[in-house]
Amino acid sequence: QVQLVESGGGLVQAGGSLRLSCAASGRIFSTYVMGWFRRAPGKEREFVAAIRWSGTTTYYADSVKGRFTISRDNAKNTVYLQMNSLRLEDTAVYYCALRSRTWGTYYSSYDYADWGQGTQVTVSS
């Protein structure tokens, strides 16, 4: 089982930037997909972005497209989420997750078996 640990959350003003990191322990295979999800107060958990562990394929929710960038460092077993032009509505707990099976969607949380503990991102006006 892979363990995931997020870091990098915090308080930032609207329009600012943050970079989240997700460090994975254990073996990550090229077929895996790493995703970022978030849960805002009173809302359902929602997909933010995902990246395949090999190749260059990335996926984004429409709400963050053009503002957030997901990337990875295979040597460090780490995935990043660069968040720019942050908005009040980006306030949420952000989770990284791992999809180890070779089938399934990249956007449904049910397809991800391993989750980090979450990191709080708060955007203030």
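Refer to the preceding data block for the structure.
Residues numbered from 1 in each chain as written. Predicted model: local features only at pLDDT ≥ 70, side-chain atom pairs only at ≥ 80, totals over all residues. Heavy atoms only, no water.

1. What about the overall build of the chain?
And then number 1: Of regular secondary structure, the chain possesses 0 helices and 11 strands.
And then number 2: Going from N to C terminus, the chain has its helices and strands arranged as β-β-β-β-β-β-β-β-β-β-β.
And then number 3: Taken over the C-alpha trace, the chain has a radius of gyration of 13 Å; the compact-globule value for 125 residues is 14 Å, and the two agree within 12%.
And then number 4: Burial statistics for the chain: of 125 residues in total, 46% are counted as buried.
And then number 5: Within the chain, residue pairs in contact and separated by at least 24 positions form 56% of the contacts whose partners lie at least 6 positions apart.
And then number 6: A gap of 5 Å separates the mean positions of the 14 positive and 9 negative side-chain charges of the chain. (Helix = DSSP H or I, 4+ residues; strand = E, 2+ residues; numbered from the N terminus. Rg over C-alpha atoms; globule rule 2.2 N^0.38 Å. Buried < 20%, exposed > 50% of the residue type's maximum accessible area, 1.4 Å probe, protein only. Contact = heavy atoms within 4.5 Å. Lys, Arg positive; Asp, Glu negative; His and termini not counted. Charge placed at Lys NZ, Arg CZ, Asp CG, Glu CD.)

2. Some remarks on the side chain of D111
And then number 1: Locating D111 in the fold gives a position in the loop between β9 (92-99) and β10 (114-115).
And then number 2: Here the side chain of D111 touches T105 through a polar contact of 2.7 Å, side chain to side chain. (Polar contact = N/O pair within 3.5 Å; in protein donor to acceptor, adjacent residues only side chain to side chain.)

Such coordinate-based values are descriptive only and should not be taken to indicate function.
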